[in-house]
Amino acid sequence: MLEGKRVRIKAKDRIFEGLVMPSATDTLVIKLDSGYNVGFKDYELLEVIEDEKVVVESPELERKAGLPEIKIISTGGTIASKVDYKTGAVTSQFSAEEIVSEVPELAELCNIDAELLYNILSENMKPAYWIELARGVYKTLKKGYDGVIVTHGTDTMSYTASALAFMLSTPKPVVFVGAQRSSDRPSSDAAMNLICAAQAATADLGEVAVVMHATTNDDFCYIHRGVKVRKLHTSRRDAFQSVNYPPLGKVEYPSGKITWMAERFKRGERGLELRDKLEEKVVLIKFFPGLRPDVLEYYHQEGYRGFVIEGTGLGHVSTDWVDTVKRVCEDSVVVMTSQCLWGRVCDRVYDTGRYLLKAGVVEGEDMLPEVALVKLMWLLGNYDVDEARRKVGENLVGEMTPTTGYCGKVL
Ligand code: DAS
């Protein structure tokens, strides 16, 4: 890997020298001493002049008596990385010193320790990593920290937040935060998200939450319940929205003023407990017109005993699925959720829904499909099939509500 190294190359019959910059393609991009970046598809590498290890000099962190103790656990994603365009090196901000040197406001809010757990983009997250993270957060809270911030890629942040919400009963805030724009870009949301996350992590909160921009402006962030939030835009800074439950609160920026907006678990309300078993053989299937029920058979033959169907409307699939669903329900749990995302499943209105209920399907109420998936992985990891089926409809950590009144803003 040439990134961050100073090289001499030959291209277009000329010699070029400079620092190799990160490039998402196979084009070699080098920063010339003039400051210009030039890209080459065809070139001959003549010499690696020096392998410049960029050491990010950062001030020793002084701790301030009386401030809350927060631990930042990094897992990667956009928020944890930046390109240092002066040197061309790709640095990742993992040490507390690096993070605080980038966002000095944090040191006014809390004393920070930091730990690098992973350095991955979140599309590469796996249930085994959720378990390891849950154990790390549990140990951190047991040590007496006042809260935990988890920096994470945005793409699957809500899956990981949901997994921790089911695995970890917490008396303190566990706040997930990410960024849609890396910290080296003028429009970056990283610093503000991190500062608002620190405000939430030191607040009167006792559950797993996600803190991200509430609007496209730098005016406030929302504190979303981890099992009621979804990334609903590929790139906007206000991509994250609470679905079927209001945001727990808002954090104004830069004042840091928190206004609570919905029922929440408060600090100290619950005990600290870890139940970190997950059954990975659970599948989420999005129904579409013409999809044949063979897909259920396939996974059932592969040994899967947990199925979440993202059905249409109130929770439907084609009626030619009913016989297969009935057979699978004999020894498995089949949960119905809706592609509508907003509102709740109700299989008692149309014949199709009634056939499915009769076949043994369990309604997922107003759960997001991916939250039902994670919940079922946790239920089947901790209970037998019959008990798990019974507990699907039980509200455990605020993942479902008896009536869905909130139908928030859509972008
Ligand atoms: N690929 C995205 C991820 O890691 C980058 C990001 O949004 O953080 O989820």
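Residues numbered from 1 in each chain as written. Predicted model: local features only at pLDDT ≥ 70, side-chain atom pairs only at ≥ 80, totals over all residues. Heavy atoms only, no water.

A look at the overall build of the chain
- Within the chain, the secondary structure is distributed over 10 helices and 23 strands.
- Relative to a compact globule of 411 residues, whose C-alpha radius of gyration would be 22 Å, the chain shows 24 Å and is just as compact.
- The principal-axis extent of the C-alpha atoms belonging to the chain is close to 75 × 55 × 35 Å.
- For the chain, the residues scored as buried account for 53% of the 411 residues in total.
- Long-range contacts, defined here as pairs at least 24 residues apart, represent 70% of the contacts in the chain between residues at least 6 apart.
- Summing over all exposed atoms, the chain offers an accessible surface of approximately 18100 Å²; the carbon and sulfur share of this is 50%.
- Taken as two groups, the 51 positive and 60 negative side-chain charges of the chain have centres that lie 3 Å from each other. (Helix = DSSP H or I, 4+ residues; strand = E, 2+ residues; numbered from the N terminus. Rg over C-alpha atoms; globule rule 2.2 N^0.38 Å. Buried < 20%, exposed > 50% of the residue type's maximum accessible area, 1.4 Å probe, protein only. Contact = heavy atoms within 4.5 Å. Areas by Shrake-Rupley, 256 points an atom, 1.4 Å probe, with all protein chains shown as cover. Lys, Arg positive; Asp, Glu negative; His and termini not counted. Charge placed at Lys NZ, Arg CZ, Asp CG, Glu CD.)

Topic: the packing of helix α4 (residues 157-167) against helix α9 (residues 369-382)
- Running from amino to carboxyl end, α4 crosses α9 at an angle of 40 degrees, the nearest separation of the two axes being 9 Å. In this structure, α4 meets α9 at a crossing whose hand is right-handed. Seen from α4, the contacting residues are Y159, S162, A163, F166 and M167; seen from α9, they are E370, V371, L373, V374, K375 and W378.
- Its residues assigned to classes, the contact of α4 with α9 comprises 8 nonpolar, 1 polar and 2 charged. (Axes fitted to C-alpha atoms, helices over the stretch in contact; angles between N-to-C directions. Left-handed = near helix turned anticlockwise from the far one by under 90°. Nonpolar A, V, L, I, M, F, W, Y, C, P; charged D, E, K, R; others polar.)

Some points on the packing of aromatic side chains
- All chains considered together, the criterion is met by 8 aromatic pairs.
- Seen from their ring centres, W378 and Y383 are 6.0 Å apart, and the 70 degrees between their planes marks the pair as edge-to-face.
- Among the aromatic residues, those joined into a ring-pair cluster are F166, W378 and Y383.
- Here the guanidinium or amino end of K250 rests over the ring plane of F220, the centre of that ring lying 4.1 Å away.
- Over the face of the ring belonging to W260 we find R264, whose NZ or CZ atom lies 3.8 Å from the ring centre. (Phe/Tyr/Trp six-rings, centres within 6.5 Å; stacked < 30°, edge-to-face > 60°. Lys NZ or Arg CZ within 6 Å of the ring centre and 35° of its normal.)

Some details on the site of the ligand
- The local shell around the ligand consists of G77, T78, L121, S122, E123, G153, T154, D155 and A179.
- Side-chain polar atom of E123 to a nitrogen atom of the ligand: 2.9 Å apart, as the coordinates give it.
- A distance of 2.5 Å separates an oxygen atom of the ligand from a polar atom in the side chain of T154.
- In isolation the ligand exposes 260 Å². Once the protein is present, 88% of that is buried.
- Residues that form the shell around the ligand fall into these classes: 2 nonpolar, 5 polar and 2 charged. (Near = heavy atom within 4 Å. Polar contact = N/O pair within 3.5 Å; in protein donor to acceptor, adjacent residues only side chain to side chain.)

Quick word on the sheet that holds strand β20 (residues 282-286)
- Strand order in the open sheet formed by 4 strands is β20-β21-β22-β23, and the pairing between neighbours is parallel. The open sheet has two edge strands with one neighbour each: β20 and β23 (362-363). (Pairing = 2+ DSSP bridges.)

With respect to the environment of W321
- With respect to the helices and strands, the residue W321 is situated in the loop between β21 (306-311) and α7 (322-329).
- C-alpha separation for the pair W321 and L291, spaced 30 residues apart in sequence, amounts to 9.2 Å.
- Apart from residues no more than four positions distant in its own chain, W321 is found in contact with I285, F287, L291, R292, P293, V295, L296 and I309.

Looking at the pattern of salt bridges
- All chains considered together, the criterion is met by 29 salt bridges.
- We note a salt bridge from E370 to R230, for which the minimum N-O separation is 2.8 Å. On the criterion of sequence distance, the pair formed by E370 in helix α9 and R230 in strand β15 (residues 229-231) is long-range, its members being 140 residues apart.
- When its relative accessible area of 21% is taken as the criterion, R230 is described as partly exposed. (Salt bridge = Lys/Arg side-chain N within 4 Å of Asp/Glu carboxyl O.)

What about the side chain of S332?
- Relative to the helices and strands, S332 is located in the loop between α7 and β22 (333-338).
- Side-chain polar atoms of S332 contact the side chain of D331, separated by 2.9 Å.
- Excluding residues within four positions of it along the chain, S332 makes contact with H300, Y304, R305, F307, V385 and R389.

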